[in-house]
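Breakdown of the fold
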Amino acid sequence: MSFFRKFLLICLVGFYMPSSHAELTIEITEGIESALPISIVPFAMQGASGVPVDVSFIVDSDLGRSGYFKTLDKQSMPGRPSTAEAVQFKDWQAIGQSYLVIGQITEDHGQYNVQFQLFDVYKGGQLMGYRMTSSAANLRRTAHQISDLIFEKLTGKKGVFSGRIAYITSSRQGKQSTHKLQISDADGFNAQTIASSVEPLMSPAWSPDGRKIAYVSFEKKAAAIYVQTLATGDRARIAEFPGINGAPSWSPDGTKLALTLSKDGSPDIYTLNLLTRSLTKLTSSFAIDTEPTWSPDGSSIVFTSDRGGKPQLYIMSSQGDDQKRLTFSGSYNASASFSPDGRSIAMVHGNGSDYRIAVMDMATKSVNVITDGRSDESPSFAPNGSMILYASQKGNAGYLSAISLDGKMQQKLVFDSNDVREPAWAP
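Residues numbered from 1 in each chain as written. Predicted model: local features only at pLDDT ≥ 70, side-chain atom pairs only at ≥ 80, totals over all residues. Heavy atoms only, no water.

Remarks on the overall build of the protein
Helix and strand counts for the protein come out as four helices and 31 strands. Its C-alpha radius of gyration of 23 Å places the protein within 12% of the 22 Å reference for a compact globule of 427 residues. A principal-axis box enclosing the C-alpha atoms of the protein has dimensions of 75 × 45 × 45 Å. With 427 residues in all, the protein has 54% of them scored as buried. Of the contacts made within the protein by residues no fewer than 6 positions apart, 45% connect residues no fewer than 24 positions apart. Within the structure as shown, the protein displays about 18600 Å² of accessible surface, and the carbon and sulfur contribution to it stands at 47%. (Helix = DSSP H or I, 4+ residues; strand = E, 2+ residues; numbered from the N terminus. Rg over C-alpha atoms; globule rule 2.2 N^0.38 Å. Buried < 20%, exposed > 50% of the residue type's maximum accessible area, 1.4 Å probe, protein only. Contact = heavy atoms within 4.5 Å. Areas by Shrake-Rupley, 256 points an atom, 1.4 Å probe, with all protein chains shown as cover.)

Written as structure tokens, this is what we have:
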């Protein structure tokens, strides 16, 4: 749920949701009607008995889950070519395939040389071909990179398969609760625990270079903001003032954090210079001002405030000047997330008891509601701007979903868990 609602729950009644963590799987709940037929032929292995990772299977899974492609199962393939000379285009045309991917993997002293080719079946020509070298440990990442290349070539949009996501899970054994901040590949594999605590964790935020994560921890029984370096595990407590310390958001240049502090009374927006540790107060009101998010160019900050009576989005310069209301439709608008190009904002849009994900066009200020859940929260744009990752709840179960900006393509990210929340897509 939005920080606006979360910190009230934490401060007043405590906060946990029972669950257990496991690997993530992704289910397509709605795809694009014009999905492109594509066949990913199992890659041939040269010079060794096998590889630790099935590269072609991962590519097939990536493209199939995207909703933009309809992949062909192996049993229906008319052949298993691994070279251009072996491809019989008429056979693939006969079963309605538009595109074909073939590849080979060769082991060389513990390294793997991976090459693949993408063909237009009806034109009978190669669209793309690459050769890359990978260690055994990086083969899964190499497969995701292949998926990204194919996706961009055929859709014109950058792929996000080789990216990462962060999220919060919570579990309970008896009376003991455990909360974890975890990161994983975009497909849920290689999950790693970044922080773990018996007290709540919340609000993970990636640094612009993807090397650090800021988050809120209550491990000392009071809110504090930490910045953790992923490669080393080193972390620094950068805000532990009396009262609320919450909702960290990185400036685009990575030198500052916008955050919510209540050390002077009511919650207000501040910026913290990470080099000098100097604070600058941007808002001063008796209302709750929280959930700051920077525009991609760093010139402005959008935040949530109830200064008008109910939570709505406001915008100001990054110095705190020219504060004005941004949203007017709906009784509740919060948790803003800028698209990478700055042209749109995703938000939690509430009417009555329903909280759904909506997208605002920054030029026209029009708002389009794109989800139909009852408790959809924490939107986060994908690095290519084509998808929004968000959290949902059904009963006591929390899960993650992703949806395209037009609402036509939807995915449900399924954990063996009853509480997965607060997703954040790495830049």
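Points about the nonpolar core
Of all hydrophobic cores here, the largest spans 26 residues; its most connected members are Ile38, Leu63, Ile146 and Ile150. Where this core is concerned, the elements lending two or more residues are strand 2 (36-40), helix 2 (55-65), strand 5 (99-108), strand 6 (111-120), strand 7 (125-135) and helix 4 (139-155). Top element by residues in this core is helix 4. It accounts for six residues. Core analysis: the second largest hydrophobic core is formed by 17 residues, Phe218, Val227, Leu261 and Leu272 among them. (Core = buried A, V, L, I, M, F, W, Y, C linked by side-chain atoms within 4.5 Å.)

Quick look at the layout of surface pockets
What the largest pocket holds in volume is close to 1000 Å³. Lining the largest pocket are 40 residues; nearest its centre among them are Ala205, Ser249, Thr293, Ser337 and Ser380. At the level of secondary structure, the elements contributing two or more residues to the lining of the largest pocket comprise helix 1 (3-13), strand 11 (201-206), strand 15 (245-250), strand 19 (289-294), strand 23 (332-338), strand 27 (377-381) and strand 31 (420-425). (1 Å grid on protein atoms, 1.4 Å probe; cavity = no way out; pocket = protein on both sides within 12 Å on 5 of 7 lines; lining within 4 Å. Points joined across faces, edges and corners; volume = space filled by probe spheres on them.)

Observations regarding unusual backbone geometry
With glycine set apart, most residues show a phi of negative sign, and most peptide bonds adopt trans. One non-glycine residue with positive phi stands out, namely Arg277, at about 65°. Looking at the element boundaries, Arg277 is found in the loop between strand 17 (268-273) and strand 18 (279-281). Despite not being glycine, Ser335 shows a phi value in the positive range, around 55°. With respect to the element layout, Ser335 can be found in strand 23.

Here we look at the side chain of Ser285
Topologically, Ser285 is positioned in the loop between strand 18 and strand 19. Under the relative-accessibility criterion, Ser285 is labelled buried at 19%. A polar atom in the side chain of Ser285 sits 3.2 Å from the backbone nitrogen of Ala287. One polar contact links Ser285 to Asp289, side chain to side chain, over a distance of 3.1 Å. The residues touching Ser285, leaving out its near neighbours within four places in the chain, are Ser266, Asp268 and Arg307. (Polar contact = N/O pair within 3.5 Å; in protein donor to acceptor, adjacent residues only side chain to side chain.)

Regarding the pattern of salt bridges
Applying the stated criterion across every chain yields a total of 14 salt bridges. As a salt-bridge pair, Arg65 and Asp62 come within 2.8 Å of each other at their nearest N and O atoms. Residue Arg65 and its partner Asp62 are both found in helix 2; the two are separated by three residues, about one turn of the helix. Comparing Arg65 with Asp62, the two get one shared label, buried. When the shortest N-O distance is used, the salt bridge between Glu152 and Lys158 registers 3.6 Å. Glu152 gets classed as partly exposed once you look at its relative accessible area, which sits at 34%. Taking relative accessible area as the criterion, Lys158 reaches 54% and is therefore assigned exposed. The network of salt bridges with shared partners includes Lys263, Asp264, Asp268 and Lys281. (Salt bridge = Lys/Arg side-chain N within 4 Å of Asp/Glu carboxyl O.)

Thoughts on the sheet that holds strand 24 (residues 344-351)
Strand order in this open sheet of four strands is 23-24-25-26, and the pairing throughout is antiparallel. The strands lining the two open edges of the sheet, one partner per strand, are strand 23 and strand 26 (367-369). On average, adjacent strands in this sheet sit at an angle of 30° to one another, irrespective of strand direction. Two elements, strand 23 and strand 24, share five bridges in a ladder whose sense is antiparallel. In the sheet register, Asn333 faces strand 24, and the bridge partner there is His349. (Pairing = 2+ DSSP bridges. Axes fitted to C-alpha atoms, helices over the stretch in contact; angles between N-to-C directions.)

Let's talk about the pairing of strand 7
Bridge count for strand 6 against strand 7 is 10 bridges, and the pairing is antiparallel. Counterpart to Tyr112 in the pairing with strand 7 is Ser134.

A closer look at the packing of aromatic side chains
Following the criterion strictly, the structure yields eight aromatic pairs and no others. Residues Phe116 and Tyr130 carry aromatic rings whose centres are separated by 6.0 Å and whose planes lie at 10° to one another, so their mutual orientation is stacked. Here Phe116 is found in strand 6, whereas its partner Tyr130 is found in strand 7, with 14 residues between them in sequence. Judged by relative accessible area, which is 39%, Tyr130 ranks as partly exposed. Between Tyr215 and Tyr226, the ring centres sit 5.9 Å apart and the planes meet at 20°, which makes this aromatic pair stacked. With Tyr215 in strand 12 (residues 212-217) and Tyr226 in strand 13 (residues 224-229), the pair connects residues that are 11 residues apart, well separated along the chain. Taken individually, Tyr215 and Tyr226 each receive the classification buried, so the pair is uniform in this respect. Linked through ring pairs, Tyr68, Phe69, Phe151 and Phe161 together constitute an aromatic cluster. (Phe/Tyr/Trp six-rings, centres within 6.5 Å; stacked < 30°, edge-to-face > 60°.)

Some details on empty space enclosed by the protein
Evaluated as defined, the whole model comprises two cavities of 30 Å³ or more. Empty space within the largest cavity amounts to approximately 270 Å³. Around the largest cavity sit 22 residues that line it, and Ser66, Val160, Phe161, Gln411 and Trp425 are the ones nearest its centre. Elements with a minimum of two residues in the lining of the largest cavity: helix 2, helix 4, strand 28 (387-394) and strand 30 (410-415). Its residues assigned to classes, the lining of the largest cavity shows 13 nonpolar, six polar and three charged. (Nonpolar A, V, L, I, M, F, W, Y, C, P; charged D, E, K, R; others polar.)

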